[in-house]
Amino acid sequence: MSVLIKPIITEKMTADSELFNRYGFVVELKANKIQIKEEVEATYGVSVQKVRTMIYGPKRKTRFTRSGVQHGKTNGYKKAIVDVAEGDIIDFYSNL
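Residues numbered from 1 in each chain as written. Predicted model: local features only at pLDDT ≥ 70, side-chain atom pairs only at ≥ 80, totals over all residues. Heavy atoms only, no water.

S.K.: When you look at the overall build of the protein chain in this model, what are you seeing that I'm missing?
M.R.: Along the backbone of the protein chain there are two helices and six strands. Along the protein chain, helices (α) and strands (β) appear in the sequence β-α-β-α-β-β-β-β when read from the amino end. Against the 2.2 N^0.38 benchmark of 12 Å for 96 residues, the protein chain shows a C-alpha radius of gyration of 17 Å, more extended than a compact globule. Seen through its principal axes, the protein chain has C-alpha atoms that stretch 55 × 25 × 25 Å. Looking at the protein chain as a whole, 29% of its 96 residues are labelled buried. Contacts in the protein chain between residues at least 24 apart in sequence constitute 59% of all its contacts with a sequence separation of at least 6. When the accessible area of the protein chain is evaluated, it comes to approximately 7100 Å², of which 51% is carbon and sulfur surface. (Helix = DSSP H or I, 4+ residues; strand = E, 2+ residues; numbered from the N terminus. Rg over C-alpha atoms; globule rule 2.2 N^0.38 Å. Buried < 20%, exposed > 50% of the residue type's maximum accessible area, 1.4 Å probe, protein only. Contact = heavy atoms within 4.5 Å. Areas by Shrake-Rupley, 256 points an atom, 1.4 Å probe, with all protein chains shown as cover.)

As structure tokens, this is what we get:
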């Protein structure tokens, strides 16, 4: 099973990738920094300088509907910010 779930493609991450060579990924909750580094290097063929991770917990949601109050939550996930060596780039749009 792959450690990387999907890349994060937002305005902020695109600006970070252009300015600082940083790329964001949603990763497995149990993955550590070494596994993330090896997976990114193997998948994209770049050399990784630094990996930073953060865990986002689930958010509680409440809706007031005609049939009553609906309670729920969103899914939690782990995000990794990967710093790539100078001169290396990751192109997420090459296989579209």
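S.K.: I keep staring at unusual backbone geometry and nothing clicks. Help me out?
M.R.: Generally, phi is negative for residues other than glycine and the peptide bonds are trans, each holding for most cases. One non-glycine residue with positive phi stands out, namely N21, at about 60 degrees. Its place among the elements puts N21 in the loop between α1 (11-20) and β2 (22-27). You can call N21 buried: its relative accessible area is 12%.

S.K.: Sorry, what's going on with the packing of aromatic side chains here?
M.R.: Between two aromatic rings, the relevant description is the distance of the centres plus the angle of the planes. Applying the stated criterion across every chain yields a total of five aromatic pairs. Geometrically, the ring pair formed by Y23 and F92 is edge-to-face, given 5.9 Å between the ring centres and 85 degrees between the ring planes. Of the two residues, Y23 sits in strand β2 while F92 sits in the segment after β6 (77-84), which places them 69 residues apart along the sequence. For F92, a relative accessible area of 17% gives the class buried. Pairing F25 with Y44 gives two aromatic rings, centres 5.8 Å apart and planes at 35 degrees, and the pair type is tilted. With a gap of 19 residues between them, F25 in strand β2 and Y44 in helix α2 (residues 33-44) connect regions that are remote in the sequence. Overall, the relative accessible area of 1% leaves F25 in the buried class. Grouped by ring-pair contacts, the aromatic residues Y23, F25, Y44 and F92 constitute a single cluster. One cation-aromatic arrangement involves R22 over F20; the distance from NZ or CZ to the ring centre is 4.7 Å. (Phe/Tyr/Trp six-rings, centres within 6.5 Å; stacked < 30°, edge-to-face > 60°. Lys NZ or Arg CZ within 6 Å of the ring centre and 35° of its normal.)

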